[in-house]
Amino acid sequence: MSGGAPHQRDRQAQLSAAIAESWSRQVSWLQSLVRFKSLPGEESACQSWLAEEFGRRGWQVDRYTLAEQPTAHLRGHADCRLTDPAKAVQVVATLAPAGSSQGGRSLILQGHVDVVPTGPADMWSHPPFAADIVDEWIYGRGAQDMKMGICAVVFALDALARAGLKPQAPIHVQTVTEEESSGRGALSALARGYRADACLIPEPTGNMITRAHTGAVWFSLRVKGHPVHVQDAQAGTSAILSAFGLIQALQQLTARLNEDAKTDALFGGVVDPIKFNAGVIRGGDWASSTPSWCELACRLGVLPGKPIATAKAEILSAVTDASKSDVFLVRHPPEVVWDGFQAEGSVLKPSETEAVLGRAHRAVFGTAMRERLSTAVDDTRFYNHYDDIPGLCYGPAGENLHSFDERASLKSLRETTLVLALFVAEWCGVE
Ligand code: ZN
């Protein structure tokens, strides 16, 4: 707790009490949310539950699928074969402003419900969808990234309601999918017409504001080989070994990009900000046949300011050059398929919205809000980059996102809930 005018301190005490009062309910609500196995393409049960929760609060709910709300005509769109648009359910809940007042500033509060695969469950010390709680931590895939952020949003708004503070401008609470693969969920809400004076996405930033994030390009490499019985291995080729050569070429490209990044105005101080990952590999059919096919799913980072077309050209040229020294690929070049993220990097311009959030942060933590540079994409890019809506990425703290034993800090959840309640109160205005 720190300074502020007396009425602000009163408001903070009031909101803090409201959050304390429903704290055990808030924790079990987060457990319920984490227990949904909302893996890519399997979010609809989770979204239905959220739609019901929002409806019970008197919020007006719009539930639709990506099939019903195409985005291909918009900047920033990327196709994604991983999921079926007809099953990709999005939810936008709108809180109508108090009375007829027009004085407030509207707000989008957005989170994603899609979570990444768990990997071998036996490597977790708590089952990935059990939502076990140990020592102020809640364990589970998606607990940190980013169901705790969604939980903070919902209970911040509940705290305002319980304290009798009614926001003076519309608030859209958006729970989207495909944040982890393409961003189509966030883009679909914009396509559907949802706009506001600002947007906040409480990804788990450890209570820091995200000043900029790198972009990302997803691509698959379809590599072929000449199959022979392994007794004549020298007469054939191996698609798996050819793919291995391509991975090494892409690692070399990444090293060159990171060398160039040393002079970048924002990311120059970050060690190796361009991250490359070959995340999926499939190939071959038989242990005694040299593999005739191999498919890789890859991801490469992109500095803010670099057009996606340039990034794609660099990838293509690295793959083409590497293929020239491969006896089979030189005649049968690998196919490069762009699928999933084609996301430019994004930079957050300082704004009044950020100043308001900074004040809310300081009121709770007693210190200035620090900033971070992220080497991973988040959905704020659509707002910052394409729609001129300030898109702030700021949220609670957790550990091990995308890893084993992902966990969310309940202490941070509570603090962040209060920050968000104070932020909404000042940004939107309250009656
Ligand atoms: Zn996330």
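Conventions we followed
Position labels on residues start from 1 in each chain and follow its written sequence. Given that the model is predicted, a residue must reach a pLDDT of at least 70 before its local features are reported, and side-chain atom pairs must reach 80 or more before they are shown or counted; all residues, however, enter totals for whole chains, interfaces and linings. Only hydrogens and water are set aside when side-chain values are computed; all heavy atoms of the structure are taken into account. At least two DSSP bridges between two strands are needed for those strands to be called paired. The helix and strand labels rest on DSSP assignments: H or I over at least four residues marks a helix, E over at least two residues marks a strand, and numbering proceeds from the N terminus. To obtain an axis, a line is fitted to C-alpha atoms, over the contacting stretch when the element is a helix, and the angle between two such axes runs from 0 to 180 degrees between their N-to-C directions. In what follows, a contact means two residues having at least one pair of non-hydrogen atoms within 4.5 Å. The working definition used for a salt bridge is a side-chain nitrogen of Lys or Arg within 4 Å of a carboxyl oxygen of Asp or Glu. Here's how the labels work: a residue is buried when its accessible area is under 20% of the maximum for its type, exposed when over 50%, partly exposed in between, all with a 1.4 Å probe on protein chains only. Domain start and end points were adopted from an automatic or database domain assignment. When two parts are put together, the accessible area they lose, computed with a 1.4 Å probe and summed over both, is reported as buried area. Polar contact is the term for a pair of N or O atoms within 3.5 Å; when the atoms are in protein, one must be able to donate a hydrogen and the other to accept it, and sequence-neighboring residues count only if both atoms are side-chain atoms. Without a salt bridge and with relative accessible area above 30%, a residue can belong to a patch; like charges are then joined within 9 Å and nonpolar side chains (Val, Leu, Ile, Met, Phe, Trp, Tyr) within 5 Å. Each accessible area is a Shrake-Rupley estimate made with a 1.4 Å probe; only the visible protein chains count as cover when residues are assessed. Buried and open spaces are told apart on a 1 Å grid over the protein atoms alone, a cavity being a set of points where a 1.4 Å probe fits but cannot get out and a pocket being an open set with protein on both sides within 12 Å along at least five of seven lines. Residues with an atom within 4 Å of a point are the lining residues. Grid points are joined across faces, edges and corners, and a volume is the space filled by probe spheres set on the points. Residue polarity follows a fixed list, in which Ala, Val, Leu, Ile, Met, Phe, Trp, Tyr, Cys and Pro are nonpolar, Asp, Glu, Lys and Arg are charged, and the others, Gly among them, are polar. Nitrogen, oxygen and sulfur within 2.8 Å of a metal are treated as its donors, or within 3.2 Å for sodium, potassium and calcium (Na, K, Ca); water is not counted, so a site can appear incomplete. In these descriptions, tetrahedral denotes four donors with every angle between 85 and 135 degrees, square planar four donors and octahedral six donors with opposite donors over 155 degrees apart and the rest between 65 and 115, and irregular any other case. The rule is short: rings of Phe, Tyr and Trp, with Trp giving its six-membered ring, pair when the centres are within 6.5 Å, and they are stacked under 30 degrees, edge-to-face over 60, tilted in between. By this rule the span expected of a helix is its residue count minus one, scaled by 1.5 Å.

## Section: the sheet that holds strand β2 (residues 89–95)
In space, the six strands of this open sheet follow the order β1-β2-β6-β3-β7-β15, with mixed pairing throughout. Every interior strand has two partners, whereas the edge strands, β1 (60–65) and β15 (391–393), have only one. When the angles between neighbouring strand axes are averaged without regard to direction, this sheet yields 20°. Across the sheet, helix α3 (residues 44–56) lies against β1, β2 and β6 (171–176), angled at about 10° from β2, the strand it touches most. Sheet strands touched by helix α10 (residues 410–428): β3 (107–112), β6 and β7 (199–201). Its angle to β3, the strand with the most contacts, is close to 150°.

## Here's the deal with the pattern of salt bridges
Side-chain pairing between opposite charges can occur once the charged atoms of the two side chains come close. Per the counting criterion, the structure on display carries 23 salt bridges. For Glu53, the salt bridge is made with Arg57, and the minimal N-O distance between the two is 2.9 Å. As a salt-bridge pair, Glu415 and Lys411 come within 2.8 Å of each other at their nearest N and O atoms. Of this pair, Glu415 and Lys411 are both found in helix α10, four residues apart, which corresponds to roughly one turn of the helix. A relative accessible area of 52% places Lys411 in the exposed class. Through salt bridges with shared partners, one network takes in Glu53, Arg56, Arg57 and Asp158.

## Here's the deal with the domain arrangement of the chain
The domain architecture assigned to the chain consists of domain 1 (6–213 + 346–428) and domain 2 (215–343). Placing the centre of domain 1 and that of domain 2 at their C-alpha centroids yields a distance of 34 Å. Across the contact, 21 residues belong to domain 1 and 18 residues belong to domain 2. Of all residues in domain 1, Arg81, Leu373 and Thr375 give up the largest surface area on contact with domain 2, accounting jointly for 38% of the area buried on that side. Here domain 1 is connected to domain 2 by one salt bridge. Across the salt bridge formed by Asp339 and Arg81, the nearest N and O atoms sit 3.3 Å from each other. At the junction of domain 1 and domain 2, the tally comes to four residue pairs in polar contact (both at pLDDT 80 or more). Mapped onto the side of domain 1 that touches domain 2, the elements with two or more residues apiece are β8 (209–213), β13 (346–347) and β14 (371–374).

## Overview of a nonpolar patch on the surface
A contiguous nonpolar surface patch, about 190 Å² in accessible area, is contributed by Leu266, Val347 and Leu373. Residue position: Leu266 is located in the loop between α6 (239–261) and β10 (276–283). We classify Leu266 as partly exposed; its relative accessible area is 31%.

## Looking at the layout of surface pockets
In this model, the largest pocket occupies a volume close to 1,500 Å³. As for the largest pocket, its lining consists of 47 residues, and the residues nearest its centre are Val116, Glu180, Trp218, Phe341 and His402. When contributions to the lining of the largest pocket are tallied by element, the ones reaching two or more residues are α4 (143–162), β9 (215–224), β10, β11 (293–302), β12 (335–343) and β14. For the lining of the largest pocket, a count of residues per class yields 21 nonpolar, 12 polar and 14 charged. Inspection of the lining of the largest pocket shows a minimum of three residues originating in each of domain 1 (6–213 + 346–428) and domain 2 (215–343). The volume enclosed by the second largest pocket comes to roughly 320 Å³. Taken together, 18 residues line the second largest pocket, and the ones lying closest to its centre are Trp59, Leu95, Ala96, Ala161 and Pro167. Elements with a minimum of two residues in the lining of the second largest pocket: β2 and α4.

## So, the coordination of the zinc ion
At 1.9 to 2.7 Å from the zinc ion lie its protein donor atoms, namely His112 (NE2), Asp145 (OD), Glu203 (OE) and Glu203 (OE). Coordination at the zinc ion comes from four donor atoms whose angles at the metal span 52 to 150°, giving a geometry best classed as irregular.

## Quick look at the packing of aromatic side chains
Here the structure, examined in full by the defined rule, presents seven aromatic pairs. Between Phe36 and Trp49, the ring centres sit 5.7 Å apart and the planes meet at 45°, which makes this aromatic pair tilted. With Phe36 in the loop between α2 (23–35) and α3 and Trp49 in helix α3, this pair connects stretches of sequence that are 13 residues apart. Both rings, one in Phe219 and one in Trp338, keep their centres 5.9 Å apart while their planes meet at 55°; by these two values the pair is tilted.

## Topic: the sheet that holds β10
If you trace the four strands from one edge of the open sheet to the other, you get β10-β11-β9-β12, paired in antiparallel fashion. The open sheet is flanked by β10 and β12, the only strands paired with a single partner. Recorded for the sheet is a direction-independent mean angle of 15° between the axes of neighbouring strands. Here β9 runs beside β12; their pairing, made up of six bridges, is antiparallel. Across the sheet, Ala216 pairs through a bridge with Ala343, a residue of β12. Across the face of the sheet, α6 comes into contact with β9, β10 and β11 while running at roughly 10° to β11.

## Remarks on the side chain of Asn384
Along the chain, Asn384 falls in helix α9 (residues 380–386). Judged by relative accessible area, Asn384 falls into the buried class, the value being 17%.

## A word on helix α8 (residues 352–365)
Because each turn of an α-helix spans 3.6 residues, side chains separated by three or four positions end up pointing in the same direction. Its 14 residues place the ends of α8 20 Å apart at the C-alpha level, agreeing with the 20 Å of an ideal helix rising 1.5 Å per residue. By the burial criterion, the buried members of α8 are Thr353, Glu354, Val356, Leu357, Gly358, Ala360, His361, Ala363 and Val364. On its buried face, α8 is in contact with α1 (6–21), β7, β8, β15 and α10. Just downstream of α8, Gly366 is the residue with a positive phi angle, here 75°.

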